[in-house]
Amino acid sequence: MRQYQSPIKQAMSLARVFCHLHGYLQPISNAQIPLVSVLTRTQNNVKHWQHTAPQPTSCRLQLQEECLELSYGGLVMHFDYVWLRDHCRSASCYNSKTNQRNLDTANVELNIHPTNYRVDDENLFLTWPDGHVTRYNLSWLAQNSYEGQKQSAMQPRIVWNSDIYTSAKVPFANWDKFMTCDEELKNFLSNFLLYGIAFVEGVPSTVEATETVTRRVSLIRETMYGKMWNFTSDFSRGDTAYTKLALDRHTDTTYFQEPCGIQVFHCLRHEGTGGRTLLVDGFYSAGQVLKKTPEHFELLARVPIKHEYIEKVSKHQNHMIGIGPVLNVYPWNNEIYMIRYNNYDRAVINTVPHDIVKRWYVAHRELTTELRKPENELWVKLKPGKVLFIDNWRVMHGRESFTGLRQLCGCYLTRDDVLNTARSLGLQA
Ligand SMILES: C[N+](C)(C)CCCC[C@H](N)C(=O)O
Ligand SMILES: O=C(O)CCC(=O)C(=O)O
Ligand SMILES: [Fe+2]
């Protein structure tokens, strides 16, 4: 199992961008911050203090003119004073029952500085010009520092090619247990978050049971395809999904401003040949691009691309436009969180100058080459009873052409609610 290795280091030296596709540094955890006992004044300016930390403990606290500097565990963290005032957790500033801010941030003087300070084993106390005192737990500060976040992944993942996924032997959830046992749901979601795909087996082969199994995970996201959809190759809609043709790897609903987070597939019936489902981990391929050609990764992460869905069949008149880069990356840690890749639905590129267009095509070609490597392809035959959940922000799907009657049902899920369920079960999501 390949997990959180760091080819990233090399990439970092080559590029301004890097991400945590493979690299994963431990965040500052709940580590006990060693005692910060004495702060001594170091300069004439009363707003400067220097902690004389006993060696070898690496904790040092310094109130500088511009910000508070906290050094701990080899990491130097900086906290702005307005930020510190804004994040006061005292009862008058913060409602800890609802986790909502009471303080009106607009009333905070933007040049505010503390007038006094005090520390004990675990806390820093700052006194503000109006006499208000804020207590900060030092571990809380460390956990919430920009510098700490910068080094940690929002979503720990195992990126995969076919071999990695197959040898991980990820278990399938079982319908009966899944519906009644939270531990089964938790394991399922944990696998889903790690790999971007997960299966439930033994589900009755009906639309109703498919709906029941998805409702256990989250709310269904209704779209112009309906809530639950159930389709054959009858070309009832203006889209090639409703044919017998092969479909290359892609993510769905790229033409939404927020593409659907999760796609659920359940093949209720197939009397014929072909029709296997193709799955490819887009983050694995994007990681390869980052490693090989960081400037291509950066282009794909910066150039905005339009996708469009225009449907004009009698009952269905739809026109959707979604705009965003192919790779969506968190700016503070360059971790990729969404890939928007659908060459069928990509619209006219008209918001990018020609020289950048040229470079973008080169970058897009490299990503496509990675995505199309046979070793990155996982082929599965969907069968009645086996429900597949796909992270549509990460894992591409496609299908082989087929013959005969093939009936596929499923739905999209609202991503926020899937992650909400995962968090409520204690998972990091
Ligand atoms: C899943 N369902 C059959 C309902 C819709 C298919 C949508 C297909 C579209 N080209 C896209 O990629 O978004
Ligand atoms: O027919 C299939 O297996 C999948 C078609 C597809 O890409 C879709 O419905 O989103
Ligand atoms: Fe699709």
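Keep in mind that what you see is a predicted model, and the values were worked out from it rather than measured. (Residues numbered from 1 in each chain as written. Chains lettered and ligands numbered in written order. Predicted model: local features only at pLDDT ≥ 70, side-chain atom pairs only at ≥ 80, totals over all residues. Heavy atoms only, no water.)

Undergrad: I tried to follow the site of ligand 1 on my own but got confused; where do I start?
TA: Close to ligand 1 lie 14 residues; D239, T253, Y255, N342 and D345 are nearest. A distance of 2.9 Å separates a nitrogen atom of ligand 1 from a polar atom in the side chain of D345. Considering ligand 1 on its own, with 370 Å² of exposed area, one finds that the protein chains cover 95% of that surface. Of the pockets mapped on this structure, ligand 1 occupies the largest pocket. Taken together, the residues of the shell around ligand 1 break down into seven nonpolar, four polar and three charged. (Near = heavy atom within 4 Å. Polar contact = N/O pair within 3.5 Å; in protein donor to acceptor, adjacent residues only side chain to side chain. Areas by Shrake-Rupley, 256 points an atom, 1.4 Å probe, with all protein chains shown as cover. 1 Å grid on protein atoms, 1.4 Å probe; cavity = no way out; pocket = protein on both sides within 12 Å on 5 of 7 lines; lining within 4 Å. Sits in = over half its atoms within 2 Å of the grid points. Nonpolar A, V, L, I, M, F, W, Y, C, P; charged D, E, K, R; others polar.)

Undergrad: Even after reading the chapter, I still don't get the sheet that holds strand β17 (residues 277-281), so can you show me in this structure?
TA: Note on sheets: strands pair through backbone hydrogen bonds, and any given pair is parallel or antiparallel. The four strands are arranged β15-β24-β17-β22 in an open sheet whose pairing can be described as antiparallel. Each end of this open sheet is capped by a strand with a single partner; those strands are β15 (247-250) and β22 (378-380). Recorded for the sheet is a direction-independent mean angle of 20° between the axes of neighbouring strands. Both β17 and strand β24 (residues 395-399) contribute to a ladder of five bridges, which runs antiparallel. Each residue of the ladder has a partner; that of V280, found in β24, is M396. (Pairing = 2+ DSSP bridges. Helix = DSSP H or I, 4+ residues; strand = E, 2+ residues; numbered from the N terminus. Axes fitted to C-alpha atoms, helices over the stretch in contact; angles between N-to-C directions.)

Undergrad: For this particular structure, what's the right way to read the packing of helix α7 (residues 182-195) against helix α12 (residues 415-424)?
TA: If you want to describe how two helices pack, look at the angle between their axes and the distance between the axes. Axis separation between α7 and α12 bottoms out at 10 Å; the angle between their running directions is 125°. Accordingly, the angle class assigned to the pair α7 and α12 is oblique. Seen from above, α7 lies across α12 with left-handed handedness. Residue-level inspection shows L185, L189, F192 and L193 of α7 in contact with α12, the latter providing V418, L419, T421 and A422. Considered class by class, the residues forming the contact of α7 with α12 number seven nonpolar, one polar and no charged. (Parallel < 35°, antiparallel > 145°, perpendicular 65-115°, else oblique. Left-handed = near helix turned anticlockwise from the far one by under 90°. Contact = heavy atoms within 4.5 Å.)

Undergrad: What is the right way to look at the domain arrangement of the protein in this model?
TA: Entries for the protein in the domain assignment read domain 1 (25-150) and domain 2 (162-424). One C-alpha centre belongs to domain 1, the other to domain 2; they are set 43 Å apart. (Domains from an automatic or database assignment.)

Undergrad: Before we go on, may I ask you to explain the state of the cysteines in this structure?
TA: Put plainly, two cysteines are in a disulfide when a covalent bond ties their sulfur atoms together. Under the counting rule described, the total for this entry stands at zero disulfides. Here C409 is not disulfide-linked; the sulfur of C411 is the nearest cysteine sulfur, at 7.9 Å. (Disulfide = S-S within 2.5 Å.)

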